[in-house]
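Below are the chains, spelled out letter by letter.
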Amino acid sequence: MKIRSALLAALFVVSSAFPSAAQFKKDPYADLTDSETVTAMKNHVATISSAMMEGRLAGSEGEKMTAEYITAKLKEYGVDIISGASGDLFGIRMEGGDTLTSRNVVGFIQGTDKTLWDRYIVIGARMDNLGTGTVTVDGEPVTKIYYGANGNASGLAVLLELARMLQTNRLMLRRSVLIVGFGASRQAFAGSWYFLNRSFSDVSNIDAMIDLDMLGTGTGGFFAYTASNADMNAFTERLAADLQPIKPETVTKEPYPSDYIAFYDKKIPSVFFSTGQYPEHDTERDTQSILDFYTMEKELEYIYNYSVVLAGGEKPVFDPSDLSSLTRGGKGAVPYYDCEVKPSFYGSSDPRYFLQKWVYTYMKYPREAVDNGIQGRVQVEFIIDENGKVGDVKVVRGADPLLDAEAVRVVSASPKWKPGKVGGRPVKAEMSLYIEFKLQKGRTFGIKK
């Protein structure tokens, strides 16, 4: 443990000395034309997604080291740290009674307008990923590292360089800005929930939130998701009139569930910037080699401009009341998190309850998948209609046909929910969940996101 900590400390001083930074290079001369920003982002990703971090599982030493790296870099950039050297710690009670210890990193940039500097814009990115996994290949156990270069070392790299730019140009900020690295995001967004419900005392003074997750594959698109918030969309439209290096596509369907959800639940207007799903997601192939750092630099400039406008403009209003803007396509379904009264399963509107009490209780791990060491995460999407019946279950992102089929089966067999409501009346609600199939020490079990 001490050796790993010493290695990490050395990275803070000379990050270019890190061996994995070179392991993904295809052209030894490509870096000669890199800007300082691209070079910095490459170094951030190389460190955060290195083998030494072992996939940054929530509560692991790798996640802790990532928090320490982010803290050190923010300090180097002149950002005040209000979360301590190892972050703001919190615990999560796990199945079996064990407690997982994770942490958030919180930086602070003071606004300049005396009438607004006690109001806040939160800009955050998740720190954790899947960690490692063991699969059987030719009868032998093989350990895989889920490096998470795009998920979410890319978002953290943009967050760090965004913090540097905002700190350098802090005189342009009327509101104060909180820079947050969220721990245990993949444990039902525990870090963002803890920040809003236990840690930060001035939640009522947070005017808006910007979430950064998976920003490294921009050739496939750059997206802004606001849950159809008119005011947050207006900021995007305002910037569209200016000359920008890149412009996001405003989408009505969330590219991926992330920490903005916890803020939305607190009725805080939020925007989620992402380049969306990609083939290497949640696999050991999610390495630095798949990232497009030059497009990331353009995204960074756009997000910086958006942040400055948001920190200096009128307070956006949280108003999801326009049902027509919330429904998707021909389904006439409202996204789960856009419902004023969310659908509930046996009295709980927390999706984790459905996973724990139904999915992982009645899920049957396919015997053939067990015999062949097959595991993975399956994203399913389904409709809870006006009467609470679950239907239209489909796989959005599969892991293996055997696991996909079981995920659809167990969700389709769900008892009735209490339907969601908008404007006081029941509506169809569309929900997306991740169901995890994992093998461990001869046992099979599911783990919630």
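Residues numbered from 1 in each chain as written. Predicted model: local features only at pLDDT ≥ 70, side-chain atom pairs only at ≥ 80, totals over all residues. Heavy atoms only, no water.

J.: Requested: an account of the overall build of the chain, with residues and values cited.
T.: Assigned secondary structure in the chain consists of 13 helices and 18 strands. When burial is assessed residue by residue, the chain has 59% of its 449 residues classed as buried. (Helix = DSSP H or I, 4+ residues; strand = E, 2+ residues; numbered from the N terminus. Buried < 20%, exposed > 50% of the residue type's maximum accessible area, 1.4 Å probe, protein only.)

J.: How would you explain the pattern of salt bridges if you had to name every residue and give the values?
T.: Pairing between side chains becomes possible if they bear opposite charge and their charged atoms approach one another. If you walk through the whole model with that rule in mind, you get 17 salt bridges. Two residues, E68 and K64, come together in a salt bridge whose shortest N-O distance is 2.7 Å. Taken together, the residues span about one helical turn, with E68 and K64 both in helix 4 (residues 61-76) at a distance of four residues. E68 sits in the buried class, given a relative accessible area of 17%. Residue class for K64 comes out partly exposed when judged on its relative accessible area of 22%. Between D282 and R377 there is a salt bridge; the shortest N-O distance is 2.3 Å. Taken together, the residues D282 in the loop between strand 11 (270-274) and helix 9 (293-312) and R377 in strand 13 (residues 376-384) connect sequence positions 95 residues apart. We note that D282, like R377, is buried. Linked through salt bridges whose partners overlap, the residues forming this network are R186, D282, R377 and E436. (Salt bridge = Lys/Arg side-chain N within 4 Å of Asp/Glu carboxyl O.)

J.: Pulling in residues and values, what's your account of the confidence of the model for the chain?
T.: Model confidence for the chain is summarised by a mean pLDDT of 86, while 87% of its residues fall at 70 or above. For residues 5-29, every residue scores under 50 in pLDDT, and the model assigns this stretch 30 contacts once sequence neighbours within four places are set aside. Counting contacts from residues 441-449, a segment whose pLDDT is below 50, to residues more than four positions away or on other chains yields 33 contacts. (pLDDT = per-residue confidence, 0-100. Contact = heavy atoms within 4.5 Å.)

J.: How would you summarise the side chain of H281 if you had to cite specific residues and measurements?
T.: Summarising the element assignment, H281 is placed in the loop between strand 11 and helix 9. Taking the relative accessible area as the measure of exposure, H281 reaches 3% and is therefore buried. Ignoring any residue separated from it by four or fewer positions in sequence, one finds H281 in contact with M214, Y256, R377 and R397.

J.: Could you give me a rundown of the packing of aromatic side chains, with the residues and numbers involved?
T.: In total, this model carries 24 aromatic pairs according to the counting rule given. A ring pair is formed by F195 and F200, whose centres lie 5.3 Å apart and whose planes are at 10°; its orientation type is stacked. One aromatic cluster is present, formed by Y120, F182, F195, F200 and F263 through successive ring pairs. (Phe/Tyr/Trp six-rings, centres within 6.5 Å; stacked < 30°, edge-to-face > 60°.)

J.: Before we move on, can you summarise the packing of helix 4 against helix 5 (residues 149-168) with the specific residues and values?
T.: Where helix 4 contacts helix 5, the axes come no closer than 10 Å and their chain directions differ by 20°. If you check the angle between helix 4 and helix 5, you find them roughly parallel. Here helix 4 runs over helix 5; the crossing is right-handed. Seen from helix 4, the contacting residues are T66, Y69, I70, K73 and L74; seen from helix 5, they are L156, L160 and A163. For the contact of helix 4 with helix 5, a count of residues per class yields six nonpolar, one polar and one charged. (Axes fitted to C-alpha atoms, helices over the stretch in contact; angles between N-to-C directions. Parallel < 35°, antiparallel > 145°, perpendicular 65-115°, else oblique. Left-handed = near helix turned anticlockwise from the far one by under 90°. Nonpolar A, V, L, I, M, F, W, Y, C, P; charged D, E, K, R; others polar.)

J.: Quick rundown of the pairing of strand 7 (residues 176-182)? Include the residues and the values.
T.: Looking down a regular strand, the side chains alternate between one sheet face and the other. For strand 7, a buried count of seven out of seven residues is recorded, marking the element as mostly surrounded by other parts of the structure. Residue alternation in strand 7 divides its side chains into two sets, S176, L178, V180 and F182 and V177, I179 and G181, and both sets are buried. By the bridge criterion, five bridges tie strand 3 (residues 99-109) to strand 7 in an arrangement that is antiparallel. Paired with F108 across the strands is L178, a residue of strand 7. As paired elements, strand 4 (residues 120-126) and strand 7 share seven bridges and run parallel to each other. Counterpart to Y120 in the pairing with strand 7 is S176. (Pairing = 2+ DSSP bridges.)

J.: If you had to explain helix 13 (residues 401-412) to someone new, which residues and values would you point to?
T.: The terminal C-alpha atoms of helix 13 lie 16 Å apart, and with twelve residues this matches the ideal 16 Å at 1.5 Å per residue to within 8%. Inspection of helix 13 places L403, D404, E406, A407, V410 and V411 among the buried residues, and these make up the whole buried set. Within helix 13, the buried residues cover an arc of 165° as seen down the axis, which keeps them to one side. Where helix 13 begins, the capping side chain belongs to D400, and its oxygen is found 2.9 Å from the backbone nitrogen of L402. (Expected span 1.5 Å × (residues − 1). Arc of directions from axis to C-beta. Polar contact = N/O pair within 3.5 Å; in protein donor to acceptor, adjacent residues only side chain to side chain.)

J.: How would you explain helix 7 (residues 230-240) if you had to name every residue and give the values?
T.: Spacing of three or four residues puts side chains on the same side of an α-helix, whose turn is 3.6 residues. Every buried residue of helix 7 is accounted for by M232, N233, F235, T236 and L239. Burial along helix 7 is one-sided: seen end-on, the buried residues are contained in an arc of 150°. Looking at helix 7, the residues exposed on the side facing more than 90 degrees away from the buried face are A230, E237 and R238. Considering only its buried residues, helix 7 is in contact with strand 8 (206-212), strand 10 (249-251), strand 11 and helix 9. At the N-terminal boundary of helix 7, the capping side chain belongs to N229, with an oxygen 3.0 Å from the backbone nitrogen of D231.

J.: Lay out the pairing of strand 8 in plain terms, naming residues and giving numbers.
T.: Here strand 8 lies mainly inside the structure; seven of its seven residues are buried. Inspection of the sheet shows strand 4 paired to strand 8 by five bridges, in the parallel sense. Looking across to strand 8, one finds that I121 is bridged to A208. As paired elements, strand 8 and strand 11 share four bridges and run parallel to each other. Bridge assignment links M209 to a residue of strand 11, and that residue is S270.

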